[in-house]
Amino acid sequence: MHVDGKNFHTIWVHPENNQVIQVIDQRKLPFEFEIVDLKTAADAFDAIQNMTVRGAPLIGVTGAYGIYLGLLNDTVGDWKEILIKDAEYLRGARPTAINLAILIDEMVSVLLGCPTLESACELALEEAERLKRREIDWSEAIGEYGCELIEAISKMKNGEPVNILTHCNAGWLACIDWGTATAPIYKAFLKGIPVHVWVDETRPRNQGARLTAWELAQEGVPHTVIPDNAGGHLMQHGMVDLCIVGSDRTTSTGDVANKIGTYLKALAAFDNIIPFYVALPSSTIDFTMRDGVREIPIEQRDGEEVSHMEGELENGQIAKMRIVNPGSAVANYGFDVTPAKYITGLITERGVCEANPADIYKLFPDSKSGCDLKSRSDY
Ligand code: MRU
């Protein structure tokens, strides 16, 4: 997608030095646009953990490049042992988005077959590039399938703008290109279908107000930022036609972990009979889990994200200030789980399916499952 009219991905190999990976620093947007160099596995780990890069598909791909950087630099000792150690280390950078573990595991299983460190380095770069390309293709396919849903609503509304509510940033910034939840919106917009996006601000880090609003503005898509607690009211008054959100981990049964606050939007949509779709690539599906609420690990982040807020002062300076009563306790759960029963459908790279195991396995019959077949057959 575009930054000031120029095409960008969120991660790429340095054009003059393929031992350096470059990313957009998402902590600075929308106020500053900065590119950061990653040179070691530790750089990749830090970028994921401190949210220089964020969003499930992007942290997965950053983890894959991190494996490559580890092979290039962590060369003391047996390289296969180092590879396994780096994989373990990188996997631990953030707990909820399963993409990180899935892509790292894919890297490791391919690389362990290499005869030498040199061949492993070469293949690691190729593999990370392939996984990046795959995420882009999957996001674009999600866009095509999701666009059909928007188009159908547009026809029912005789071409009146389709109002879509989204939460957090499941846009191209969270992925590599297109996004997951935003891909159908971009596709519809490019097709000339009138759309308008309600952008949840997404406290505490404000990924909606800062990132989704910025990327929609860069593409010229009409949108309005709303406080997180406004969605229910808009839905009651017929001002939302459709919700599309992303996912950080989806179980084989269709439960969805996504940014904190998603569950409440799903409840409001359910009560108002508004379609609630989750857009996700299969790299976000955890086929080993069946009960999202009990099994998905929920990241708890620094309380300062709740007690303080960062923004731009009138004079253009970026400042952080306390907004919570000094001395009061704060809690910062990063994600919540929306049970499958509240989800109208999953928009994946292979098409749209219902959020239930039979439908998910119909689309992904080839997926490796950690659930044993006996327990799967009782669905
Ligand atoms: O904590 P973040 O910003 O990495 O959270 C991830 C998200 O942006 C979302 O929850 C998103 O909807 C899924 S990632 C496409």
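Residues numbered from 1 in each chain as written. Predicted model: local features only at pLDDT ≥ 70, side-chain atom pairs only at ≥ 80, totals over all residues. Heavy atoms only, no water.

Trainee: What is the right way to read the site of the ligand from this model?
Mentor: The immediate surroundings of the ligand are formed by 18 residues, with Arg54, Arg94, Asp248, Asn258 and Lys259 found nearest. Here an oxygen atom of the ligand sits 2.9 Å away from a polar atom, N or O, in the main chain of asparagine 169. Aspartate 248 places a polar side-chain atom, nitrogen or oxygen, 2.5 Å from an oxygen atom of the ligand. In isolation the ligand has 410 Å² of accessible area, and contact with the protein removes 99% of it. Only helix H2 (56-73) and strand S11 (256-259) provide two or more residues apiece to the shell around the ligand. Of the residues that constitute the shell around the ligand, the class distribution is 7 nonpolar, 7 polar and 4 charged. Summarising the domain contributions, the shell around the ligand has at least three residues from each of domain 1 (2-134) and domain 2 (143-378). (Near = heavy atom within 4 Å. Polar contact = N/O pair within 3.5 Å; in protein donor to acceptor, adjacent residues only side chain to side chain. Areas by Shrake-Rupley, 256 points an atom, 1.4 Å probe, with all protein chains shown as cover. Helix = DSSP H or I, 4+ residues; strand = E, 2+ residues; numbered from the N terminus. Nonpolar A, V, L, I, M, F, W, Y, C, P; charged D, E, K, R; others polar. Domains from an automatic or database assignment.)

Trainee: Looking at this structure, how should I read helix H1 (residues 41-49)?
Mentor: In an α-helix, one turn spans 3.6 residues, which is why side chains three or four residues apart end up on the same side. Taken residue by residue, H1 has Ala41, Ala44, Phe45, Ala47 and Ile48 as its buried positions. Burial along H1 is one-sided: seen end-on, the buried residues are contained in an arc of 165°. In this structure, the buried residues of H1 make contact with strand S5 (35-38), H2, helix H3 (79-91) and helix H4 (99-111). Immediately beyond the C-terminal end of H1, within one or two residues, lies methionine 51, with a positive phi of roughly 70°. (Buried < 20%, exposed > 50% of the residue type's maximum accessible area, 1.4 Å probe, protein only. Arc of directions from axis to C-beta. Contact = heavy atoms within 4.5 Å.)

Trainee: Please explain the environment of glycine 231 as it appears in this structure.
Mentor: Residue placement: glycine 231 occurs in helix H8 (residues 231-236). Its relative accessible area of 0% is what places glycine 231 among the buried residues. Each C-alpha atom of the pair glycine 231 and serine 283 lies 29 Å from the other, and the pair is 52 residues apart in sequence. In this structure glycine 231 touches Leu165, Ile226 and Lys265, once residues within four positions along its chain are discounted.

Trainee: Explain the state of the cysteines here, please?
Mentor: Every disulfide links exactly two cysteines, by a covalent bond between their sulfur atoms. Across all of its chains, the model carries 0 disulfides by this definition. Note on cysteine 168: no disulfide assigned, nearest cysteine sulfur contributed by cysteine 175 at a separation of 11 Å. (Disulfide = S-S within 2.5 Å.)

Trainee: In this structure, what is going on with the nonpolar core? I would like to understand it.
Mentor: Nonpolar side chains in soluble globular proteins tend to end up buried together. Of all hydrophobic cores here, the largest spans 77 residues; its most connected members are Leu71, Ile150 and Trp172. Broken down by element, this core gets its largest block of residues, 13 residues, from helix H5 (residues 117-156). Residues lining this core come from more than one domain, with at least three contributed by each of domain 1 (2-134) and domain 2 (143-378). Not counting residues up to four positions away in its chain, the partners in contact with isoleucine 150 are Val162, Ile164, Pro184, Ile185, Ala188, Ile193, Val195, Leu242 and Ile244. (Core = buried A, V, L, I, M, F, W, Y, C linked by side-chain atoms within 4.5 Å.)

Trainee: Which parts of the structure should I look at to understand the pattern of salt bridges?
Mentor: Should the charged atoms of two oppositely charged side chains come close, the side chains can pair. In the structure shown here, the tally under the stated rule is 24 salt bridges. In this structure, the salt-bridge partner of aspartate 137 is arginine 133, at a minimum N-O distance of 3.2 Å. Remark: arginine 133 and aspartate 137 occur in helix H5; sequence separation between them is 4 residues, near one turn of the helix. The exposure class of aspartate 137 is partly exposed, given its relative accessible area of 39%. Linking glutamate 299 and arginine 301 is a salt bridge whose minimum nitrogen-to-oxygen distance equals 2.8 Å. According to the relative accessible area criterion, glutamate 299 is buried, its value standing at 8%. Looking at arginine 301, the relative accessible area reads 17%, which means it is buried. Within the structure, one salt-bridge network assembled from shared partners comprises Arg94, Arg205, Glu299, Arg301 and Glu305. (Salt bridge = Lys/Arg side-chain N within 4 Å of Asp/Glu carboxyl O.)

Trainee: Please explain the domain arrangement of the protein chain as it appears in this structure.
Mentor: A common way to state how big an interface is: give the accessible area lost once the parts meet. By domain assignment, the protein chain separates into domain 1 (2-134) and domain 2 (143-378). Taking the mean C-alpha position of each, domain 1 and domain 2 sit 24 Å from one another. On the domain 2 side, the residues contacting the 35 residues of domain 1 number 36 residues. Both faces considered, domain 1 and domain 2 share a buried interface measuring about 2,900 Å² in area, 56% of it formed by carbon and sulfur atoms. (Buried area = accessible area lost by both parts, 1.4 Å probe.)

Trainee: Sorry if this is basic, but what is going on with the sheet that holds S11 here?
Mentor: In a beta sheet, neighbouring strands are held together by backbone hydrogen bonds and run either parallel or antiparallel to one another. Taken in spatial order, the 4 strands line up as S13-S10-S11-S16 in an open sheet, and their pairing is mixed. For this open sheet the edge positions go to strand S13 (285-286) and strand S16 (335-338), each flanked by a neighbour on one side alone. Across 2 bridges, the pairing between strand S10 (residues 249-251) and S11 is antiparallel. Each bridged residue has a counterpart across the sheet, and for threonine 250 the counterpart in S11 is valine 256. Helix H9 (residues 262-271) rests against S11 and S16 of the sheet, and its axis sits at about 30° to S16. (Pairing = 2+ DSSP bridges. Axes fitted to C-alpha atoms, helices over the stretch in contact; angles between N-to-C directions.)

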